[in-house]
Amino acid sequence: MIVLILLILVAVLCFLYLNGTYNENYWKKRGIPFYSKNKYLGPLFEFLYAKQPGFQIMQSIYKTHPEAPAVGVVSLFGRALLIKDLTNVQYVLATDFNSFSHRGMEINEGDILADSIIFNNGKRWKLMRQHITPLFTSSKLKSMYYIIDKSAQDFIDYLKKNPQYLKGNAFETLSTFCSAAIGGSVFGVGTESIFDSPFLKMAQKASQFTLKMNFFFAIANASPKISNFFGIKLFKEHEGFFIDAIKQIIRARERENVKRHDFADICVSLQKNDVLKDHDTGLELKPTDEFLAAQAFFFFIAGVEPSATTMYITLIELGRHPEVLAKVHEEIDNTFEKHENITHDVLCEMEYLDMAINEAMRLHPPIGFVSRQCVQDTVLPVGNIKIEKGTTMFIATYGMHHDETYFPEPNAFKPERFSKENKHNFMDAAYMPFGKGNRICIGVRYAQLQVKAGLVHLLRNYTIRTILHDNEDEVKYKRELVQLRVSNADVEFIPRL
Ligand code: HEM
């Protein structure tokens, strides 16, 4: 037995050695520099033992060859390329989408809650995206806005009744708001927003990137084949609870027959169609309760985690920059003086708050890098780089957001960068907290509304103080693969006089 294990180990090591060397030569032959620091296992595996978050490893690769349009890396059993040039980035995410429609991750059959838009690829992804997009049109968001605003107002009452939440673990406190808002938007709003919901605990658990989850994601990203071989299921433990909840909500909504303009409404109308069909490809999909639960499940995770992170990082930076905080307060107070209610349209007029959020997301993008996989041979225009089917493409969002070519003084918090006068096209191209192109975040506008509504009501009633632990002067992050989580800060909410 020991001999067998040793033989397997030697075979794996030989394979990794040959694969690393092959990849290095592969990219060098094409005139592309290679990330040789981790030539055999690549950045996704470097993450498993390094002290840095995965997106900062991607940033260091991004910085290694300042002049190169791309850097070759290993992706365990495959090859990968970190693309830097903005024309190539645009080419991969949008212009030649047909060659890069795959997210670079695959889920395994039977992983019911992972069967959502984000993890699907090809024709099935297209069909899903077509049918779920209508939930996020401007008119749908406008009619849904009352749910978000009510959650934000109820959140303030909740803080007033529970002053213990004003200090200590602000991220958790903001997550309770996000969970109530997304819960209302997905399932409908009751007479009161629910801040202590089992869904929040589930969403937090599902996106709590334990070592096991980070490992699963690294494997699914680095090699769908291995993930398939081990039958990795990402969200198995939440299936029973979540699918059951969605079934009950849909059945209740069918019985009630009232429109609430939320996701549950869409579920009921999709199920009336019996099958979803893509007329171009002929592909059909049955909108079963399980299928709809998978979509709602991901909305829940995205509506809580990255959304709460966005509020948190904005508040952290506002607390560190009193002059910016004063301007945000002024804008909010003026708006409340002019308008009785903060409607969708009123919220969208608040430009300075928008600039502050944009700048916080530039400094600390909640999702630190994105990936795609090439599904047919093609050529990247800048550098004339031939890309073969199967190559994974990494785009280092965090790296681009901190590149001084696009954002001078990249580590400074300057909302003015995002004013109408200062915004430049190249800056737009390098700024992508919600990704870009055909697979851009489907919930981008929803998320912006939720974050803004939460901040407007919070900052109308409270001012803030940012505390950086151990007298550090820099915001630091936890060791996560893709998600950005702050490790050394907190925010205190102080009632305004
Ligand atoms: C501030 C909060 C959020 C951030 C920063 C964020 C960021 C992202 C990013 C970076 C991507 C990948 C885009 C790409 O690959 O080009 C993504 C995809 C996605 N997001 Fe979000 N997101 C947020 C909130 C939401 C919300 C609230 C929802 C749903 C209600 C949502 C639904 C999705 C979906 C379904 C995808 C997959 C799109 C596809 O593959 O076609 N996100 N998001």
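Now for a quick tour of the structure. (Residues numbered from 1 in each chain as written. Predicted model: local features only at pLDDT ≥ 70, side-chain atom pairs only at ≥ 80, totals over all residues. Heavy atoms only, no water.)

## A look at the overall build of the protein chain
Part 1 of the argument: Scanning the protein chain from terminus to terminus reveals 19 helices and 10 strands.
Part 2 of the argument: Relative to its length of 497 residues, the protein chain is compact, with a C-alpha radius of gyration of 23 Å against a globular reference of 23 Å.
Part 3 of the argument: Dimensions of the protein chain, computed from C-alpha atoms along their principal axes, come out at roughly 70 × 55 × 50 Å.
Part 4 of the argument: Across the 497 residues of the protein chain, 59% fall into the buried class.
Part 5 of the argument: Counting contacts in the protein chain only where the partners sit at least 6 residues apart, residues at least 24 apart contribute 74% of the total.
Part 6 of the argument: Summed over all atoms, the accessible surface of the protein chain reaches about 21900 Å², with 55% contributed by carbon and sulfur.
Part 7 of the argument: The protein chain carries 57 positive and 56 negative side-chain charges, and their two centres are separated by 5 Å. (Helix = DSSP H or I, 4+ residues; strand = E, 2+ residues; numbered from the N terminus. Rg over C-alpha atoms; globule rule 2.2 N^0.38 Å. Buried < 20%, exposed > 50% of the residue type's maximum accessible area, 1.4 Å probe, protein only. Contact = heavy atoms within 4.5 Å. Areas by Shrake-Rupley, 256 points an atom, 1.4 Å probe, with all protein chains shown as cover. Lys, Arg positive; Asp, Glu negative; His and termini not counted. Charge placed at Lys NZ, Arg CZ, Asp CG, Glu CD.)

## Quick word on the site of the ligand
Part 1 of the argument: The environment of the ligand is formed by 29 residues, the closest being R103, W125, R129, R372 and C441.
Part 2 of the argument: R129 places a side-chain nitrogen or oxygen 2.7 Å from an oxygen atom of the ligand.
Part 3 of the argument: Between the ligand and R439, the relevant distance is 2.9 Å, taken from an oxygen atom to a side-chain nitrogen or oxygen of the residue.
Part 4 of the argument: Of all the secondary structure elements, the ones that give two or more residues to the shell around the ligand are α5 (122-132), α13 (289-320), β5 (370-373) and α19 (444-461).
Part 5 of the argument: The dominant element in the shell around the ligand, judged by the number of residues it contributes, is α13, at seven residues. (Near = heavy atom within 4 Å. Polar contact = N/O pair within 3.5 Å; in protein donor to acceptor, adjacent residues only side chain to side chain.)

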